[in-house]
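For reference, the chains in residue letters:
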Amino acid sequence: WSLIPALTNTVRFAVLTMLIAVPLAWLSAWSVSTLETQGRWPRLYARLLDVLVMLPLALSAVMVGYGVLFGLSHLSTTLMMVWWLPLLAHLVIALPFAMRVLLPAMRSLDKSYLEVARTLGASPMKTLFRVHVPLLRGPLIVAGILAFAISLGEFGATWLLWNTPDW
């Protein structure tokens, strides 16, 4: 057993968690902030989505890992031996924190910038990458660093889910 492979694995999981959690947090925060501006029922759906994303904060990391293990064991026993199983638990733990960073920034974003871009003929993708992302660059960086740090410090779920014969 060597220190270098362990550090490499830890950093690899942290980077993957960051690269997946930030777009998922973006989509969740965008959905909540968009639904909040519409009628009564969409606001109810926005609250429900917000609560569902925040639900893992009420559990310990070991319980999240056990939930992932228990849930996947009912689907297939071969899923319990895949390398990305700890990554799934890291995502469940890091997603609420990343969303908590992005949601207030999206709520405070001036929608007129997006409307002007659409009025000038920008496609939705161009509006996303030329207007939305630059306006939220700071919160995106903070959400990425937070997801990275949470994954880096996560041991409980990883310990429960990581299957290697070396242990």
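Residues numbered from 1 in each chain as written. Predicted model: local features only at pLDDT ≥ 70, side-chain atom pairs only at ≥ 80, totals over all residues. Heavy atoms only, no water.

Examining the overall build of the protein chain
Threshold: Put simply, DSSP H or I for four residues or longer makes a helix, DSSP E for two residues or longer makes a strand, and each gets a number counted from the N terminus. Exposed residues in this analysis have more than 50% of their type's maximum accessible area, buried residues have under 20%, and partly exposed residues fall in between, with area computed by a 1.4 Å probe over protein chains only. Residues are treated as being in contact if the distance between any of their heavy atoms lies within 4.5 Å. For the accessible areas, the method is Shrake-Rupley and the probe is 1.4 Å, while residue cover comes only from the protein chains on display.
Helix and strand content of the protein chain: eight helices and zero strands. Counting over 167 residues, the protein chain shows a buried share of 34%. Of all intrachain contacts in the protein chain linking residues separated by at least 6 positions in sequence, the fraction that spans at least 24 positions is 78%. Accessible surface for the protein chain amounts to roughly 10300 Å². Of this, 71% is attributable to carbon and sulfur atoms.

A look at the nonpolar core
What counts, and what does not: Residues grouped as a nonpolar core are buried Ala, Val, Leu, Ile, Met, Phe, Trp, Tyr and Cys residues, joined through side-chain atoms within 4.5 Å.
Among the nonpolar cores identified, the biggest contains 22 residues, and Ala25, Trp26, Ala29, Met99, Leu102, Leu136 and Leu140 are the most heavily contacted of them. Of all the secondary structure elements, the ones that give two or more residues to this core are α1 (3–36), α2 (40–54), α4 (85–108), α5 (111–119) and α7 (137–153). Core analysis: the second largest hydrophobic core is formed by 13 residues, Leu69, Leu85, Leu91 and Ala94 among them.

Describing the side chain of Thr127
Mapped onto the fold, Thr127 is located in helix α6 (residues 124–135). On the accessibility criterion, Thr127 (5% relative accessible area) is buried. For Thr127, the residues in contact, after removing those within four places along its chain, are Leu114, Ala117, Arg118, Ala122 and His132.

Examining a nonpolar patch on the surface
What counts is decided by this rule: In this analysis, a patch consists of residues with relative accessible area above 30% that form no salt bridge, clustered at 9 Å for like charges and at 5 Å for the nonpolar side chains Val, Leu, Ile, Met, Phe, Trp and Tyr. The salt bridge criterion pairs a side-chain nitrogen of Lys or Arg with a carboxyl oxygen of Asp or Glu, the two atoms within 4 Å.
A cluster of nonpolar side chains, contributed by Val11, Val15, Leu19, Ile20, Leu24, Leu27 and Leu152, occupies part of the molecular surface with about 540 Å² of accessible area. Among the secondary structure elements, Leu152 is positioned in helix α7. For Leu152, a relative accessible area of 39% translates into the label partly exposed.

Describing the packing of α1 against α4
Definition in use: Under this scheme, a helix contributes an axis fitted over its contacting stretch, all axes are lines through C-alpha atoms, and angles between N-to-C directions fall in the 0 to 180 degree range. By definition in this entry, angles of less than 35 degrees are roughly parallel, angles greater than 145 are roughly antiparallel, angles of 65 to 115 are roughly perpendicular, and the rest are oblique. Helix crossings are classified by the rotation of the near helix relative to the far one: an anticlockwise turn of less than a right angle makes the crossing left-handed, while a clockwise turn makes it right-handed.
Viewed as axis vectors pointing N to C, α1 and α4 meet at an angle of 45 degrees, and their least axial separation amounts to 6 Å. Here α4 runs oblique to α1, going by the angle between their axes. Seen from above, α1 lies across α4 with right-handed handedness.

A look at α7
Side chains that are three or four residues apart share a direction in an α-helix, a result of its 3.6 residues per turn. Cut-off, in case you're wondering: Every helix has an expected span of 1.5 Å times one less than the residues it contains. Directions from the helix axis toward the C-beta atoms define the arc.
Spanning 17 residues, α7 covers 24 Å between terminal C-alpha atoms, matching the ideal 24 Å at 1.5 Å per step. Among all positions of α7, only Leu140, Ala143, Gly144, Ala147, Ile150 and Ser151 are buried. Projected down its long axis, α7 carries its buried residues within an arc of 135 degrees, all on one side. Away from its buried face, by an angle of more than 90 degrees, α7 presents the exposed residues Ile145 and Gly153.

Topic: the packing of α4 against α7
With their axes 9 Å apart at the nearest point, α4 and α7 run at an angle of 160 degrees to one another. Judged by the angle between their axes, α4 and α7 are roughly antiparallel. Crossing geometry of α4 relative to α7 is assigned as right-handed. Residues His90, Ile93, Ala94, Phe97, Ala98, Val101, Leu102 and Ala105 of α4 touch α7, and the partners they reach there are Pro139, Leu140, Val142, Ala143, Leu146, Ala147, Ile150 and Ser151.

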